Structures are given as C-alpha cells and as structure tokens.
Amino acid sequence: MALMLNGAGVSRGIAIGPCLVIRRGELEVLEYAIPRALIDDEVARFEAAIKKAQQQLNQVRQQIPANTSPEISAFIDTHLLMIEDEALCRVPINLIRRQQYNAEWALKLQRDALVTVFDVMDDPYLKTRRDDVDYVVTRIQRILLSHQEQVDDAVFQRARGCVVVADELSPADMLLMYQRGVAGFISEDGAPNSHTAILARSLGIPAVVGVPHACRYVLQNEQLIVDSRYGAAIASADDNALRFYRRCIKHDQSRVAALKILKDLPAVSRDGCVVNLMMNIELADEVALSKKMDADGVGLFRTEMLFMNREELPGEEEQYQVYAKLMRVFKGCSVTIRTLDVGADKNINVNPLNDYYGSNPALGLRAIRLSLKEPQLFLPQLRAILRASALGELRMMVPMLSSMREVQQLHLLIKMSKAVLQEKGQSFDTAMKVGAMIEVPAAALTADAFARQFDFLSIGTNDLIQYTLATDRMDAAVGHLYDPLHPAVLHLIQMVILAGKQNDTPVSMCGEMAGDPQYTALLLGMGLREFSMSASMLLEVKGIINDSDVSLLSRQADALLALDNPDDIVAAMDALGTH
Ligand code: PEP
Ligand code: MG
C-alpha cells in the first residue's frame, strides 16, 4: 500500500527514483512489547545482529594495513571480545525472554547497567572501558535499526539517480549529492529556507524537508516519488501513481519549455516599469546552466561553497580564478560577489575556523563578523574580488552587517587591500561598487545610514525574517512562524526600499522571497525594482512582472501595509492586481 509522507517542498520539481536511506543522527531506541509467540524470532534477530557486528569488526580488522601500530588491532580485538561476552550477548536475550522486551530495548537496558558499573570505578583506565561498551552497543543497535554505519563521500557515491532520504543534510552534503547526480531528497530536518534547501532549489533538485521520521518509514532501494510542489513523498507507489507522476514530469517539462518565449524579452510591466532580474548562484559550475536562462546579471554569488568540503582555505589566486571565470561568463553584465558568509548552518571544517562556532551560531561569529575577526581569511578574498573587478562590472556585497562600527572597519580593510594591489601593480576597478546586505533588523532600522555608506543595498529576506521574528529558518518546528507577510517584516522591507530611494542608492532583494512568484506583485507595488533569485524561477517571475500594472499595485501595496490582521493581509494579497 502506498505511503504518503508530508513536509515542506523546496522547489517545484518531481523526482522518481530508488531510495537511499542515510542516517547520521542519534539512535532512537524505542521500547515495545514482543508477543509471547514471537519471542524466539526476536531472540534470533538479536543473535543475527550480534553475528553481523562480529563479521563487521572482523572485516575491519582484516583491512588494517600490516605496518599499523598493534594498538589498533588490539582495540578491535577488545571490541570483539566484548561482543562475545555473556554480559552483552546473553543477558539481553534473558531480558527478551523474561520481560518480552524488544531486542534494542533489552540491549539498551543492559548497556545502562554496565555503564553505571564503569562510572563508579576510580581507575581512569577502566572508566574509559565505558566508551568501548558504548561503541560496541551502538554498532549492534545500528544493525538492529538498519542504520547506516557512517555517512561519507562513499555513501553519496551511490546517490546517482536516487532519492536520498536522510535525517539531516548539510549544505556540504548537498554539494556532494549534486556532484554524484542525486535525483531528489527528503530530510527529516530542515525548513524551506535553510541553506541546504536553498541550494537544492538553486540546483533544481526536487526536495521535501521537515518530514518527521522519514528514514523509519521507507525501505532501502524501494521506489520513491518526491513531489516538491506539494511537499509530499510517496513510498510504495502503485503503477497508477507512477504513471501519473511520470506524466506530471512531462507536463512540467512542457511548462518550462513554454516559459522560454519570455527568455529574450525584457522584464517590463504593462505600464512601462523596468525591472532588473538577476540570478543567485552558488556554484561556479552552475554558471553555464544559469546563463541559458538569461538574467540581467548575477545578484548574489555565494562564495562560501568554495570553502566547503576541503581541508585548506582557498587562497587568493584560487579564488581569483573562480571569480574571473564568473566575470568571463557574464561579460557585459553586472556580477555581484558576496564575501564569505559562513557560520550557523553553513559550517566549514577548516582550522582555525571550526573553533568559532559558539553556543548560538546564528547569533555568533557569522559572515562579516568572522571576516573582520580573521583578516587572514578576509584579506585574500578582498584582493581576489578586487582583482576580478578589473574584468568587468563587478559589485562586491557584504553579508550580516549590523553596525556602523563594522562598516568603518570594512571600508578600512577595502582601502588597505586596494593599497596592497596598487603597490604590487595589479589592476582593479578603483570605483568597484560595494553593497551591504540588509538581513539584520538593526541594519533595516538604520537603512538610511547604510544607504549613505554603500553603493547599493540588497535585502536578504531569509535572515531578515529569521532575525525579525526570532524564528530559526532551519527549524521545521517553528516553520509556521516564519512568515514573509508578517507586518514587521513588510515594514522593514519598506523602510529599506524608501531609504534607498531617498539616498539614490539602488535596492535589490536576493532572499528567497524575491524568487517566490506569490510575492512578486506585492514587492513590485512596494517599489522594488531589482530581484535576484534562483535561475529556475526567473522566467516565471518575469511572466508576472510583464503582466503587471505597477501603479495599481503600488496603491494596493500601500493599503496592504496598513493592515495588521493576518487574514486581511492574505485577502489583500489575493486581490493584488485586480481592480
Ligand atoms: C538571505 O539571508 O536572504 C540571503 C540571501 O543570504 P543566505 O540565504 O545565504 O543567508
Ligand atoms: Mg543571509
């Protein structure tokens, strides 16, 4: 029978493929009673898990190279001995038989009992045996729960054409899966505006996030349908459903093809309002694909992807080559390169940066805060961006600014970088435009000062909404509070657009709200004239712009901004564009 799983869709597509379950989080061991008649089966299941754990450890032992220190094999031998010990292989069976516990629970109870004994020992060496118990028990539990042993590149190697079902996926995992040709994914964790989801959207990978216990409900290798339009996934689908979804994929392909007639048209409203449509790019190799969609330029190049899945920081020259490539592909267009925005869910594992993730990473040393603290990280990037500015119309953009102190330091470092390049005789655009991302409420509230200090502003709604509403953009549990139409968010956006107008400073928007067709009319009405989004959304948004009457929308947006009741706001949104 088909099984429907629900979460939040992050892109528009549909994917069908065999399921690859990847789990890396905490093991969740549940207690349930085994009926008397099935006790022998449960014991057999436990014995099989013990046997498999022994085989796995023996395999590991055989793979140890001959010249390795004997301590390593001794370590494995200890674990093998532990598995064979009555305390681990017999006592849980007694618990299953006497108490009718399930195997995982019986093993957990015995583990807790053993660990308590080790905990009260004074001898520090014996105390560490507690970790060995945990290691061995976890190995057996993983087998009982059909858990993946570990998640690494080798696991993602098998992702080609598959729908990955995972408990959690980081942006770095997303990159690995993309490189391996994954068809789609479902994750238990995450929300539509987490960086992993944004990356999936940008790479056109159908995905559903925030699906509780997804890994438990699907079977390895079974056929899975991901319908990211409706945030649904279907396991064990019958032939009718598969036929239906294959038709939907074809239909989708025709819809995308039909939109192509807009490709060579400018984005201009019916009443002649010209809009700049820019694209967000995460990977330099996505460039060729994006170029085909014909945006007016790049409104956001997220440089952090360059820093992921590696052990050493990319140097100035390596970065320069990537930025130069971007400039060549977008010759004649404006290209906006954002300085490093790591921290929070975009972790990189390069020393010393991995020392900096504090107790509340979203409010910690993220983005420009880290760049200012670590000049050896920031200065090579500034120089690489400046050098690439000699190749065309390059704009540099800085994430997460919140205070004028940071702005002063930033301008000083840019000045210093220019002086270094001048001294070396390296060319750059002396008038390179520098912009600030407005993604912290403090920056939005002081947008006027920011507009005076920068050549352009770009509203990062993903973070602006998160920080304004105190709602973690990655946490599905508070996803219902993450509301782009909250009056607080709309007023902050309006303040930024007005500050830009008053100071003659162009304002763009590069958060996900800019590429979501349901908000296009409202943002046009609020006066936004530059939108930056995933390449996959450009033509759809262009279609809405070209069909709009901006002067009507502007009157309607004013009225909508005066509302505070969510239902009235939704009704006013529905009425936008109608007389
Ligand atoms: C934003 O916050 O809106 C944004 C574009 O930046 P990121 O999603 O990379 O944090
Ligand atoms: Mg941001």
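It should be noted that the structure appears before, not after, this text.
It should be emphasised that the depicted structure is a prediction, and the values quoted were computed from it without experimental measurement.

Quick notes on the rules
- Residues numbered from 1 in each chain as written.
- Chains lettered and ligands numbered in written order.
- Predicted model: local features only at pLDDT ≥ 70, side-chain atom pairs only at ≥ 80, totals over all residues.
- Heavy atoms only, no water.
- Near = heavy atom within 4 Å.
- Polar contact = N/O pair within 3.5 Å; in protein donor to acceptor, adjacent residues only side chain to side chain.
- Areas by Shrake-Rupley, 256 points an atom, 1.4 Å probe, with all protein chains shown as cover.
- Axes fitted to C-alpha atoms, helices over the stretch in contact; angles between N-to-C directions.
- Helix = DSSP H or I, 4+ residues; strand = E, 2+ residues; numbered from the N terminus.
- Parallel < 35°, antiparallel > 145°, perpendicular 65-115°, else oblique.
- Contact = heavy atoms within 4.5 Å.
- Nonpolar A, V, L, I, M, F, W, Y, C, P; charged D, E, K, R; others polar.
- Salt bridge = Lys/Arg side-chain N within 4 Å of Asp/Glu carboxyl O.
- Buried < 20%, exposed > 50% of the residue type's maximum accessible area, 1.4 Å probe, protein only.
- Phe/Tyr/Trp six-rings, centres within 6.5 Å; stacked < 30°, edge-to-face > 60°.
- Lys NZ or Arg CZ within 6 Å of the ring centre and 35° of its normal.

> Sorry, what's going on with the site of ligand 1 here?
In the neighbourhood of ligand 1, 17 residues make up the surrounding shell, with His195, Arg302, Arg338, Asn462 and Arg473 lying closest. One of the side-chain nitrogen or oxygen atoms of Arg302 is found 2.8 Å away from an oxygen atom of ligand 1. A distance of 3.1 Å is found between an oxygen atom of ligand 1 and a backbone nitrogen or oxygen belonging to Thr461. Starting from 290 Å² of accessible surface for ligand 1 in isolation, the protein chains cover 100%.

> What exactly am I supposed to notice about the packing of helix α21 (residues 517–525) against helix α23 (residues 550–561) here?
The packing of two helices is summarised by the inter-axis angle and the distance between the axes. Axis separation between α21 and α23 bottoms out at 7 Å; the angle between their running directions is 90°. One element, α21, and the other, α23, form an angle in the roughly perpendicular class. The residues of α23 that touch α21, namely those facing Ala521, Leu522, Leu524 and Gly525, are Val550, Leu553, Ser554, Ala557 and Leu560. Here the residues of the contact of α21 with α23 are counted per class, giving 7 nonpolar, 2 polar and no charged.

> Honestly, the pattern of salt bridges in this entry has me stumped. Any pointers?
Pairing between side chains of opposite charge can happen when the charged atoms of each approach one another. What the rule picks out here adds up to 21 salt bridges. With a shortest N-O distance of 2.9 Å, Arg229 and Asp227 are connected by a salt bridge. For Arg255, the salt bridge is made with Asp252, and the minimal N-O distance between the two is 3.5 Å. With Arg255 and Asp252 both in helix α11 (residues 239–259) and 3 residues apart, the pair spans about one turn of that helix. On the accessibility criterion, Arg255 (29% relative accessible area) is partly exposed. The structure contains a network of salt bridges with shared partners spanning Glu304, Arg338, Asp341, Arg366, Asp463 and Arg473.

> Looking at this model, I keep getting lost on the packing of aromatic side chains. Mind explaining?
Centre-to-centre distance and the angle between the planes together describe a pair of aromatic rings. Applying the stated criterion across every chain, the model contains 3 aromatic pairs. Centre to centre, the rings of Phe244 and Tyr245 are 5.1 Å apart; their planes meet at 85°, and the pair counts as edge-to-face. For Phe244, a relative accessible area of 42% corresponds to the partly exposed category. Centre to centre, the rings of Phe450 and Phe454 are 6.2 Å apart; their planes meet at 10°, and the pair counts as stacked. You'll find Phe450 and Phe454 in the same group, each marked buried. Here Lys108 stacks its cationic end above the ring of Trp105, 5.3 Å away from the centre of that ring. Residue placement shows Arg395 over the ring face of Phe456; its charged tip is 3.9 Å from the ring centre.

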